[in-house]
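For reference, the chains in residue letters:
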Amino acid sequence: MSPVSSAPFPTFTIEGYPRVGANRELKKALESFWAGRIDEAAFTSAAHSIRLDNYARLRDLGLDQDYAIPADVALYDQVLETAVTVGLIGGEAADIDLTEYFALARGNAERAPLEMTKWFDTNYHYLVPEVSDDTVITPRPQRILDIVDEAKAAGHVVRPFLVGPVTLLALSKPTEDAAADFSPLARLTDLIAAYTEVLAALAEAGVEWVQIIEPALTADLTVASDADLAADAAIAYGALLAEVDRPQVLLSTPYGSLRQGLDAVISANPEALQVDLAPVTLTADPEYPQRVAAAVAGTDITLAAGVIDGRNIWAADLRERLEVLETLRKGGVDKLAVSSSVSLQHVPHTVAVETNLPVDVAGWLSFADEKITEAQALATAVGGDTVDAADAFARSDRAVRTRRESARTHNRDVQDRVAALPDGQVARSPEFAERVEVQKSLGLPTLPTTTIGSFPQTPEIRKARADHRAGTLTDDQYTEALKDEVRQVIELQERLGIDVLVHGEPERNDMVQYFAELLDGFVTTEHGWVQSYGSRCTRPSIVVGDVSRPEAMTVEWAKYAQSLSERHVKGMLTGPVTILAWSFTRDDVPKSVSADQIALALADEVADLEAAGIDIIQIDEPALRELLPLREDARPAYLDWAVRSFRLVALDAKPATQIHTHLCYSEFGQIIDAVAALDADVTSIEAARSRMELLTDLDESFHSEIGPGIWDIHSPRVPDVAELSELIKAALVNVPTERLWVNPDCGLKTRGYAEVEPALRNMVLARDLVVESLAGKV
Ligand code: GLN
Ligand code: ZN
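Since we're looking at a predicted model, the values are computed, not measured.

As a further point, take the overall build of the protein chain. The number of helices and strands found in the protein chain is 27 helices and 22 strands. Since a compact globule built from 778 residues should have a radius of gyration of about 28 Å, the 27 Å found for the protein chain is in line with a globular shape. By the burial criterion, 60% of the 778 residues in the protein chain qualify as buried. For the protein chain, the share of sequence-separated contacts (at least 6 apart) that also reach a separation of at least 24 residues comes to 79%. When the accessible surface of the protein chain is split by element, carbon and sulfur atoms take 50% of a total near 30,200 Å². If the 70 positive side-chain charges of the protein chain are averaged to one point and the 122 negative ones to another, these points end up 4 Å apart.

What follows is the structure in structure tokens.
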């Protein structure tokens, strides 16, 4: 059945837009409100202005057709927003006030916050709804109606936004008391009823288009296969779209290509379908445009072709993008609109404010605002008007040509060095069994204690960094301040009796940006903030070209720290995969090529650290799991190059050099073989929250020494000695004594000394206690 309205779909649009504001206004408003510096009325008014400013900007940028502006608004997170609106969260409450809303997101004195995890393969985090058979679903359509009204009052006809029911449930987790075999997707029918109610309310309010996103259909998830999700989508949209009382639906499927889900969504016959046709998606699935065209041809569906890449920052090659649109046309798509592949929330606002970027580089980039201009140009050109699109095409041509020819992107020496590497997997020699014997010369005690690298970034360090940036602290003064910090961190660790020390990383504002700023082939922005979650934003660096290391990056700090102690101080590097995962990467070479290049630069750093007398070096790879492709069949190839690049860093390390790695942030079950394959000598890994569960996944292939974190540093709670020694004993059930290390879950930079000191003291005491009891047993 079709709804009453038949307002046309706009000729171009975007999937979504950054929510934090061009100057991170939302971040500031949120943090002021949470800190009690502004009251609820002031916060609400600030949030209102940010939304309306965004709408006005989008309209100025050309999104002036009705429903072209996506109202993908959320004060904290889009999943939380939809879950509250359709009532999957919040129980029977008729409304969720701000206090409750933020308690869900951030916890309060009585309650832990909802779990947070990565949104598909992006660096955005969403809040995970908890669902059981008993979950009461109470739709709250007023929330979304308010958004529509607010926009309307300011003269904007916006397109309300919902995460779809299949994705919402696929991303939820069972409550702790749910039956063991309960899957949140079992509540699909109930949830569809709630969506029906929300859509009816929108129709009643005169809304003619709504956007519902179903990214789960582009991924192989552990909770449900592609076929299961497609079947669920067929049920959900079969039911939702059969209603007459609803707006027209733009069903959108970002973050990859549809497989079985394509038939399911086409047969549900939405008024519009948005698909991800970004270059990366087509590299993985080259026939996708043809498949989509064949499916859409002969239907009445408007195809919103997501040809503008919403996940990367490169200026689009408009001629090549236009060809994709032509392919769709030739394939029989009559109603064609242009869109972004995914929400632009993953890129910064605008290149225009980056006045310190090299001019050539600035011309190669498109952030959110520039991408809208690109979408408009494509819509104009595909409509046959090449004159109006001429400027945008000229900019694109210039960007494509100058980037291809630039000396900034191509470095012969680096390319030759990578070309000279052996193909396929590489291995450090001698193998672990032999290395571990040689490394006994390190003289470490039973159950050695260490930390993951960073110590608290105190207000003093932050102030010194800000003063240095502002020019009120000279380079020398800044270095002195940092050295002072390193000295205190070393002294503290010695006082606490930790065995393997770290320098504390005070010189690093960020573990990736620090290296990006020192390596050639990267650029960094000044204002390129992207929301990570809630009020948290990151400023990803950009890999523009071939990467090399002009000079040593960490050696002076490591040397200085080592000079202060008789104990071993670890050198501390960020691994190639993590550097890539948290940066914007090139689109002109595969990630594996950049990974090899970064690995070689880091291998030189390893050699320099060894020469400076550092005999333990940690290469952090917390993001190894994050880049895992959404589709299963793409995973082995990824893991292969990821492991190779890590191994390249350590390849020529001396047998006596103990290589550590560190991982966190995820379930490792899926990648545990790859973690083993890194072939580090010591692996520290987040484990405290899951109470060492991960250790049961380890098999013989995991030969390295291992430090499962025993202190969950994400919580301000200081664990006591009894609790910590229990966790060490729990680890000893699966790990032999001579292979177990004792350490926290992750770096300590977000904690304060008030927690760090007692927690580390307890950690060492717990270790001593366990060692004593082991000795007692013999
Ligand atoms: N060495 C880093 C630190 O301690 C590792 C951080 C991380 O794993 N995210 O801060
Ligand atoms: Zn970590």
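Another point: the coordination of the zinc ion (ligand 2). For a metal bound by four donors in a tetrahedral arrangement, the ideal donor-metal-donor angle is 109.5 degrees, while six donors in an octahedral arrangement ideally sit at 90 or 180 degrees. Surrounding the zinc ion (ligand 2) are the protein donor atoms His662 (NE2), Cys664 (SG) and Cys746 (SG), at 2.0 to 2.3 Å. Viewed at the metal, the four donor atoms of the zinc ion (ligand 2) are separated by angles of 91 to 125°, and the geometry they form is tetrahedral. Spacing between the donor residues of the zinc ion (ligand 2) along the chain follows H-x1-C-x81-C. In this structure, histidine 662 and cysteine 664 share a single accessibility class: buried.

What follows deals with the UniProt feature "domain: Cobalamin-independent methionine synthase MetE N-terminal" (unreviewed entry) in the protein chain. UniProt feature "domain: Cobalamin-independent methionine synthase MetE N-terminal" (unreviewed entry): in the numbering of this structure it lies at residues 13-330. Measuring from the first to the last C-alpha atom of residues 13-330 gives 22 Å, for a span that is 43% helix and 13% strand.

Further remarks concern a negative patch on the surface. Side chains of Glu130, Asp133, Asp134, Glu176 and Asp177 sit close together on the surface and give a patch of like negative charge. Tracing the sequence through the fold places aspartate 177 in the loop between β6 (173-174) and α7 (188-204).

The next point concerns helix α14 (residues 368-382). Taking 1.5 Å of rise per residue, 15 residues should cover 21 Å, and α14 covers 21 Å from first to last C-alpha, within 8% of that figure. Across the 15 residues of α14, 13 count as buried, placing the element largely inside the fold. Directly after α14, the chain includes glycine 384, whose backbone phi takes a positive value near 100°.

In the contact formed by helix α12 (residues 318-330) and α14, the axes pass within 10 Å of each other and the chain directions differ by 50°. In terms of orientation, α12 lies oblique with respect to α14. Note on packing geometry: the crossing formed by α12 with α14 is right-handed. Across the interface between the two elements, Leu318, Arg321, Leu322, Leu325, Glu326 and Arg329 of α12 pack against Glu374, Ala377, Leu378, Ala381 and Val382 of α14. Residue classes in the contact of α12 with α14 are distributed as seven nonpolar, no polar and four charged.

We now examine the packing of aromatic side chains. Taken as a whole and judged by the stated rule, the model has 13 aromatic pairs. With a centroid separation of 5.9 Å and 75° between ring planes, the pair formed by phenylalanine 43 and phenylalanine 102 is classed as edge-to-face. With phenylalanine 43 in helix α2 (residues 40-60) and phenylalanine 102 in helix α4 (residues 98-106), the pair connects residues that are 59 residues apart, well separated along the chain. For the pair phenylalanine 43 and phenylalanine 102, a shared accessibility class is recorded, and that class is buried. Three or more aromatic residues link up through ring pairs in this structure, and these residues are Phe33, Trp34, Phe43, Tyr76, Tyr101 and Phe102. Over the face of the ring belonging to tryptophan 314 we find arginine 403, whose NZ or CZ atom lies 3.9 Å from the ring centre. Against the face of tyrosine 560 rests lysine 483, its NZ or CZ located 4.9 Å from the ring centre.

Right, let's talk about the nonpolar core for a bit. Counting residues in hydrophobic clusters, the biggest one holds 158 residues, and the most contacted among them are Leu80 and Leu325. Considering every element that reaches this core, the biggest residue donor is α7, with nine residues. Of all hydrophobic cores here, the second largest spans 105 residues; its members include Val577, Ile617, Leu678 and Leu740.

Turning our attention to the site of ligand 1. Around ligand 1, the surrounding shell holds 13 residues, and the nearest of these are Ser454, Glu505, Asp620, His662 and Gly747. In this structure, a nitrogen atom belonging to ligand 1 sits 3.1 Å away from a main-chain N or O atom of isoleucine 452. With respect to ligand 1, the side chain of serine 454 contributes an N or O atom lying 2.7 Å from an oxygen atom. Calculation on ligand 1 without its partners gives an accessible area of 300 Å², and the protein chains cover 95% of this total. Grouping the constituent residues of the shell around ligand 1 by class yields seven nonpolar, four polar and two charged.

Let us now look at the side chain of threonine 683. In this fold, threonine 683 is placed in strand β21 (residues 682-685). For threonine 683, the side chain forms a polar contact with the side chain of serine 704, separated by 3.0 Å. In this structure, threonine 683 is in contact with Thr661, Leu663, Val675, Phe702, Ser704, Glu705, Ile706 and Gly707, ignoring residues within four places of it in sequence.

As a further point, take the sheet that holds strand β11 (residues 336-340). The strand order across the open sheet built from seven strands is β1-β5-β7-β8-β9-β10-β11, with neighbouring strands paired in parallel fashion. If you trace the sheet from one side to the other, it starts and ends with β1 (69-71) and β11, each paired once. Pairwise comparison of adjacent strand axes, ignoring direction, gives a mean angle of 30° for this sheet. Pairing between strand β10 (residues 302-308) and β11: five bridges, direction parallel. The residue of β11 that forms the bridge with isoleucine 308 is serine 340.

A few words now on the sheet that holds β21. Whenever strands of a sheet pair, they do so through backbone hydrogen bonds, lying parallel or antiparallel. Spatial strand order, β12-β17-β19-β20-β21-β22: six strands in an open sheet with parallel pairing. This sheet does not close on itself; its edge strands, each paired only once, are β12 (500-501) and β22 (705-708). In this sheet, strand β17 (residues 568-574) lies alongside β12 in parallel orientation, the contact comprising two bridges. Bridging across to β17, valine 500 finds its partner in histidine 568. Across the sheet, helix α24 (residues 635-650) is in contact with β19 (616-620) and β20 (658-663); its angle to β20 comes to roughly 145°.

At the junction of serine 429 and proline 430, the peptide bond is cis and its omega measures out at 0° in the coordinates. Relative to the elements of secondary structure, proline 430 occurs in the loop between α16 (412-419) and α17 (432-438). Notably, tyrosine 255 is not glycine yet its phi reads approximately 80°, a positive angle. Mapped onto the secondary structure, tyrosine 255 falls in the loop between β8 (248-253) and α9 (260-268).

Burial analysis of β10 places seven of its seven residues in the buried class, the great majority of the element. Inspection of the sheet shows strand β9 (residues 272-276) paired to β10 by five bridges, in the parallel sense. Within the sheet, the bridge partner assigned to alanine 272 lies in β10 and is threonine 302. The parallel pair β10 and β11, bridged by α12, forms a crossover whose chirality is right-handed.

Looking at where threonine 450 falls in the secondary structure, it is placed in the loop between α17 and α18 (459-470). A polar contact of 2.9 Å, which involves the side chain of threonine 450, links it to the backbone oxygen of valine 500. Of note is the side chain of threonine 450, whose polar atom sits 3.1 Å from the side chain of lysine 570. Aside from chain neighbours lying at most four places away, what touches threonine 450 is Ile498, Val500, Lys570, Trp741, Val742, Asn743, Pro744 and Met763.

Cut-offs used in this document
- Residues numbered from 1 in each chain as written.
- Chains lettered and ligands numbered in written order.
- Predicted model: local features only at pLDDT ≥ 70, side-chain atom pairs only at ≥ 80, totals over all residues.
- Heavy atoms only, no water.
- Helix = DSSP H or I, 4+ residues; strand = E, 2+ residues; numbered from the N terminus.
- Rg over C-alpha atoms; globule rule 2.2 N^0.38 Å.
- Buried < 20%, exposed > 50% of the residue type's maximum accessible area, 1.4 Å probe, protein only.
- Contact = heavy atoms within 4.5 Å.
- Areas by Shrake-Rupley, 256 points an atom, 1.4 Å probe, with all protein chains shown as cover.
- Lys, Arg positive; Asp, Glu negative; His and termini not counted.
- Charge placed at Lys NZ, Arg CZ, Asp CG, Glu CD.
- Donors = N, O, S within 2.8 Å, 3.2 Å for Na, K, Ca; no water.
- Tetrahedral: all angles 85-135°; square planar, octahedral: opposite > 155°, others 65-115°.
- UniProt positions renumbered as here; feature names shortened; annotations may be inferred.
- Patch = residues over 30% accessible without salt bridge, like charges linked within 9 Å, V, L, I, M, F, W, Y side chains within 5 Å.
- Salt bridge = Lys/Arg side-chain N within 4 Å of Asp/Glu carboxyl O.
- Expected span 1.5 Å × (residues − 1).
- Axes fitted to C-alpha atoms, helices over the stretch in contact; angles between N-to-C directions.
- Parallel < 35°, antiparallel > 145°, perpendicular 65-115°, else oblique.
- Left-handed = near helix turned anticlockwise from the far one by under 90°.
- Nonpolar A, V, L, I, M, F, W, Y, C, P; charged D, E, K, R; others polar.
- Phe/Tyr/Trp six-rings, centres within 6.5 Å; stacked < 30°, edge-to-face > 60°.
- Lys NZ or Arg CZ within 6 Å of the ring centre and 35° of its normal.
- Core = buried A, V, L, I, M, F, W, Y, C linked by side-chain atoms within 4.5 Å.
- Near = heavy atom within 4 Å.
- Polar contact = N/O pair within 3.5 Å; in protein donor to acceptor, adjacent residues only side chain to side chain.
- Pairing = 2+ DSSP bridges.
- Right-handed = clockwise from strand over helix to strand, strands pointing away.

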